[in-house]
Amino acid sequence: MNQDQLKREAALRALQYVPKGAILGVGTGSTVNFFIDGLAAIKDQIPGTVSSSVKSTERLLALGIKVLELNEVLAAGQPIPLYVDGADEANDRLELIKGGGGALTREKIIAQAAGQFICIVDQSKCVPVLGRFPLPVEVVPMAEQMVAAQLRALGAEARLRSGFITDNGNIILDAHGLRIEDARALETLINQWPGVVTVGLFAHRPADRLIIASPEGVREQAGAAAARAG
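Residues numbered from 1 in each chain as written. Predicted model: local features only at pLDDT ≥ 70, side-chain atom pairs only at ≥ 80, totals over all residues. Heavy atoms only, no water.

A. Up close: the environment of His 176. When you line up the elements, His 176 lands in strand β10 (residues 171-176). Along the primary structure His 176 and Val 50 are separated by 126 residues, whereas in three dimensions their C-alpha atoms are 31 Å apart. (Helix = DSSP H or I, 4+ residues; strand = E, 2+ residues; numbered from the N terminus.)

B. Representation of the sheet that holds strand β5 (residues 89-90). Pairing is antiparallel across the open sheet formed by three strands, whose spatial order is β5-β6-β12. Looking along the sheet, the strands with just one partner apiece sit at the ends: β5 and β12 (201-202). Bridging between strand β6 (residues 96-97) and β12 involves two bridges; their strand directions are antiparallel. Within β12, the position partnered with Leu 96 by the bridge is Phe 202. (Pairing = 2+ DSSP bridges.)

C. Main features of unusual backbone geometry. A positive phi is found at Leu 94, a non-glycine position, where the angle reads about 65°. Along the polypeptide, Leu 94 turns up in the loop between β5 and β6. Look at Leu 94 and you get buried, because its relative accessible area is 1%. (Buried < 20%, exposed > 50% of the residue type's maximum accessible area, 1.4 Å probe, protein only.)

D. Up close: the pairing of strand β4 (residues 82-85). Residue alternation in β4 divides its side chains into two sets, Leu 82 and Val 84 and Tyr 83 and Asp 85, and both sets are buried. Judged from the three bridges that link them, strand β1 (residues 24-26) and β4 form a sheet pairing that is parallel. Among the inter-strand pairings, Gly 25 is bridged to a residue of β4, identified as Tyr 83. Taken together, the four bridges between β4 and strand β7 (residues 116-122) define a ladder with parallel strand orientation. Bridge pairing links Val 84 to Ile 118 in β7.

E. Examining the environment of Val 26 more closely. Structurally, Val 26 is set in strand β1. Note: C-alpha distance between Val 26 and Gly 77 (51 residues apart in sequence) is 19 Å. If sequence neighbours within four positions are ignored, Val 26 has contacts with Val 32, Ile 36, Leu 39, Thr 49, Val 50, Ser 51, Ser 52, Leu 60, Tyr 83 and Val 84. (Contact = heavy atoms within 4.5 Å.)

See below:
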């Protein structure tokens with residue numbers, strides 16, 4: 001199987017977790033695109049979705065799947081039992097690096113709002129230590145140089161993502177060369193810097209379940225909370 005086929009297998013496995021009659025959180029990226037396409041077959045069971053990006057919203061609407069605003073959903077007291085998204089890297093603790101597609105802030109917001117977060121990846125995304133993939137940091141434009149200097153002080157090479165503006169109107173600095181042994185501590189540190197909107201570490205809110213596709217098949221790894229829930 002090529003990588004696209006593996007992504008599709010992981011995405012299709014996630015469909016079995018979609019609860020009927022509930023609002024669904026939907027992420028962003030190439031693997032999630034396969035998941036969105038798969039939702040078309042069961043769209044009558046989904047009253048609506050909350051989307052993490054303009055691109056995903058456009059894809060959902062094109063398939064006739066309703067997209068709702070998160071504030072609207074939460075104000076109505078409606079739960080979001082499940083959020084499905086991909087990742088750029090995942091470790092054994094189901095901590096993630098996300099943001100390769102630039103939607104890290106909205107992804108983190110929906111992941112926090114959801115009852116369960118399922119992450120779908122192919123095996124190339126699984127690493128023993130996070131950091132091989134450059135760590136994205138969404139930054140208010142006027143803070144670019146200040147945040148870049150702070151990333152360099154951590155030993156990273158900070159590169160502006162050229163020609164890219166997030167859906168929130170901000171820039172992204174990609175931090176190359178980090179070896180992230182303590183993802184929770186680093187997430188806390190970077191998120192405290194003035195000018196940082198969010199960092200693409202999902203460690204305080206990791207995935208609850210990781211679906212991994214490889215040429216040998218699809219396997220699942222449950223986090224501590226998901227394992228306790230069965």
